[in-house]
Amino acid sequence: AIAMIVGAIMTTNRWLGPGLLLLTATAFALLTVALLPGLAPRQDDQLTLGIIGTGGLFLSVPQTLGFFSQDGAIATGLTTYAAGVGLLYIGNRRLTRLPVVIESAGATVVLAGAALTWNQWHGIAPSFGAATAVALIALGIVRDRLLLSIAGSVGLLFTVPWIIVWYFPGQGRAPLLTVVCGALILSLAVLLGHHERSRQNPASS
């Protein structure tokens, strides 16, 4: 596994783009073997491949996204977004080990995919990210997945100020940012708190 990661890294010295794709695919393949039931039945094999694959992803993903988003931000962002949706589906269907981790990773990836479109979709990317965050909050409430709601809430806390900065430029936006973010935090706290109470006491809802 280490030799595969090192070999993929070495290819980036000559072919940067293809090498980064090879490195990402290799790390993802190692993680797939570690997480899919039946492929690595022994726990020590799962742990070994999982650690090496995760390390490879940390090495490859930031460089790969940065490289391809320079000239193809929309394609890179939408591809990343689609990968995040796939992770959400796999985690939600419990098709892999550690489904909560996979689902949480999918939530992070879809938010990142929306943000990556910024280089070409200046006016659309913040709204795209906010809509994605709202969808994650709704999905977390419907599916009773607190981590999804938390991920969506964090996404909103980043995207809403981003929208305000883009559509309301100037020095006078600071009070607006403060008021909107405060109201957003309060609304999310009330919403999640009400959902948690309803879940614990279904008769009261």
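Given the structure is predicted, the values throughout are model-derived calculations rather than measurements. (Residues numbered from 1 in each chain as written. Predicted model: local features only at pLDDT ≥ 70, side-chain atom pairs only at ≥ 80, totals over all residues. Heavy atoms only, no water.)

## Observations concerning the nonpolar core
- With 16 residues, the main nonpolar core has Leu88, Ala107, Leu136 and Leu156 as its most contacted residues.
- Of all the secondary structure elements, the ones that give two or more residues to this core are α5 (99-116), α6 (125-142), α7 (146-167) and α8 (173-200).
- In terms of residue count, the dominant contributor to this core is α7 (five residues).
- Ile5, Leu23, Ala27 and Ile52 belong to the second largest nonpolar core, which has eight residues in total. (Core = buried A, V, L, I, M, F, W, Y, C linked by side-chain atoms within 4.5 Å. Buried < 20%, exposed > 50% of the residue type's maximum accessible area, 1.4 Å probe, protein only. Helix = DSSP H or I, 4+ residues; strand = E, 2+ residues; numbered from the N terminus.)

## Some thoughts on the packing of α5 against α7
- Two elements in contact, α5 and α7, have axes separated by 9 Å at closest approach and are oriented at 15°. Classed by the angle they form, the pair α5 and α7 counts as roughly parallel. Between α5 and α7 lies a crossing of right-handed hand. Along its contact with α5, which presents Val100, Glu103, Ser104, Ala107, Leu111 and Ala115, the element α7 presents Leu147, Leu148, Ala151, Gly155 and Trp162.
- Partitioning the contact of α5 with α7 into residue classes produces eight nonpolar, two polar and one charged. (Axes fitted to C-alpha atoms, helices over the stretch in contact; angles between N-to-C directions. Parallel < 35°, antiparallel > 145°, perpendicular 65-115°, else oblique. Left-handed = near helix turned anticlockwise from the far one by under 90°. Contact = heavy atoms within 4.5 Å. Nonpolar A, V, L, I, M, F, W, Y, C, P; charged D, E, K, R; others polar.)

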